[in-house]
Amino acid sequence: MTAKILDGKAIALELREKIAQKISDEVAKGKARPGLAVILVGADPASQVYVRNKKIACEKAGFNDVSLELPAETTQEELLAKIDELNAREDVHGIIVQLPVPKHINSEAIIERIDPKKDVDGFHPYNMGRLATRTLNLAPCTPHGVMTMLAKTGIQLRGLNAVVVGASNIVGVPMALELLNARATVTVCHSATQDLAQKVSEADLVVVGVGIPEMVKGAWIKPGAIVIDVGINRLDDGRLVGDVEYDIAKDKASWITPVPGGVGPMTIATLLENTVQAAYD
């Protein structure tokens with residue numbers, strides 16, 4: 001068996017084209033273009049690349065870019081004041097603060113200061129709570145993007161045995177909630193999990209987001225399982241790999257996401273989708 005590829009680039013492009021058309025239609029009705037503010041504090045190289053990609057995606061979709069780049073020495077109080085300004089602006093519909101922030105800033109306090117209606121990352125406790133109670137508002141982008149990808153397989157998630165490896169608030173926990181809401185039976189594995197290989201080997205669907213190169217071995221994958229690899233890691237030789245041992249897993253899975261070109265493009269596309277929802281719904 002050779003797995004079918006869940007092409008995140010293609011799915012994201014399709015979603016972004018729908019978003020651009022939605023904006024065009026709304027602007028034709030006299031409504032404003034969505035405004036997205038991405039706040040970058042400091043000069044972390046990975047964050048700079050990610051923010052640049054977000055800006056390019058916003059431009060192509062027809063957004064107004066109201067992003068801010070602040071020096072690393074920006075105080076928490078100054079950052080909170082900037083968020084307050086953006087919360088009050090009618091031309092700003094979405095606000096995200098690029099993580100990680102410098103160590104002297106409390107990221108939880110920053111996330112909670114964003115107006116939940118403008119929290120297009122979906123990280124605010126209000127939006128996480130809406131997800132947990134099945135009253136979805138603005139969902140965390142990566143897990144919701146994964147759900148969009150899974151829909152493309154045509155496979156019914158209801159009743160599937162799903163294993164989520166990783167329990168972060170950005171991926172693992174909201175991913176588990178998304179799958180629970182789809183009526184899958186969900187197991188969340190983390191650093192204290194015993195016999196991870198056994199749990200993965202029993203899964204019809206595996207979602208991995210731990211940031212450890214090829215931690216989940218291809219031999220663990222159940223024949224015919226769906227494999228979603230959220231991780232992206234650069235090795236010493238320059239290669240990019242995921243958290244799953246791809247070359248072996250692809251010969252056992254029914255569907256698999258590549259790295260790169262899998263989940264990554266969907267995260268940005270879903271951010272744009274959330275911003276459109278915040279602007280017009």
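In this report, the structure presented in the accompanying data block is examined. This structure is a prediction, so every number in the text was calculated from the model and none was measured.

What counts as what
Residues numbered from 1 in each chain as written. Predicted model: local features only at pLDDT ≥ 70, side-chain atom pairs only at ≥ 80, totals over all residues. Heavy atoms only, no water. Helix = DSSP H or I, 4+ residues; strand = E, 2+ residues; numbered from the N terminus. Rg over C-alpha atoms; globule rule 2.2 N^0.38 Å. Buried < 20%, exposed > 50% of the residue type's maximum accessible area, 1.4 Å probe, protein only. Contact = heavy atoms within 4.5 Å. Areas by Shrake-Rupley, 256 points an atom, 1.4 Å probe, with all protein chains shown as cover. Expected span 1.5 Å × (residues − 1). Arc of directions from axis to C-beta. Pairing = 2+ DSSP bridges. Right-handed = clockwise from strand over helix to strand, strands pointing away. Axes fitted to C-alpha atoms, helices over the stretch in contact; angles between N-to-C directions.

**Examining the overall build of the protein chain**
Counting secondary structure elements, the protein chain contains ten helices and twelve strands. Relative to the compact-globule value of 19 Å for 281 residues, the protein chain shows a C-alpha radius of gyration of 19 Å, a close match. Structurally, the protein chain occupies a C-alpha span of about 50 × 45 × 40 Å along its principal axes. The burial tally for the protein chain puts 47% of its 281 residues in the buried class. A separation of at least 24 residues holds for 71% of the contacts in the protein chain among residues at least 6 apart in sequence. Put simply, the protein chain shows about 13,200 Å² of open surface, and 51% of that area lies on carbon and sulfur atoms.

**Thoughts on helix α3 (residues 76-88)**
Taking 1.5 Å of rise per residue, the 13 residues of α3 would be expected to cover 18 Å, and the 19 Å separating its terminal C-alpha atoms lies within 8% of that figure. Buried within α3 we find Gln76, Leu79, Leu80, Ile83, Leu86 and Asn87. Axial view of α3: buried residues confined to an arc of 120 degrees, hence all on one face. Relative to its buried face, α3 has exposed residues pointing more than 90 degrees away, namely Glu77 and Ala88. Buried residues along α3 sit in contact with β2 (35-41), β4 (68-70), β5 (94-97) and α4 (107-113).

**Examining the pairing of strand β6 (residues 161-165)**
Two faces, one strand: in a regular strand the side chains alternate between the faces of the sheet. Burial of β6 is extensive: four of the five residues sit out of reach of the surface. As paired elements, β6 and strand β7 (residues 185-189) share five bridges and run parallel to each other. When the sheet's bridge partners are listed, valine 165 is paired in β7 with cysteine 189. The β-α-β motif built from β6, the intervening helix α7 (residues 172-181) and the parallel element β7 has right-handed crossover chirality. Relative to strand β8 (residues 205-208), β6 is paired through four bridges, and the arrangement is parallel. Among the inter-strand pairings, valine 165 is bridged to a residue of β8, identified as valine 208.

**A few points about the sheet that holds β6**
Judged by pairing direction, the sheet is parallel, and its six strands sit side by side in the order β1-β12-β9-β8-β6-β7 without closing on themselves. Strand pairing shows two members of the sheet lacking a second neighbour, β1 (4-5) and β7, which therefore form its edges. Of the pairings in the sheet, the one linking β1 to strand β12 (residues 255-256) comprises two bridges and is parallel in character. Counterpart to isoleucine 5 in the pairing with β12 is isoleucine 256. Contacts between α7 and the sheet are confined to β6, β7 and β8, with β6 contributing the most and set at about 170 degrees to the helix.

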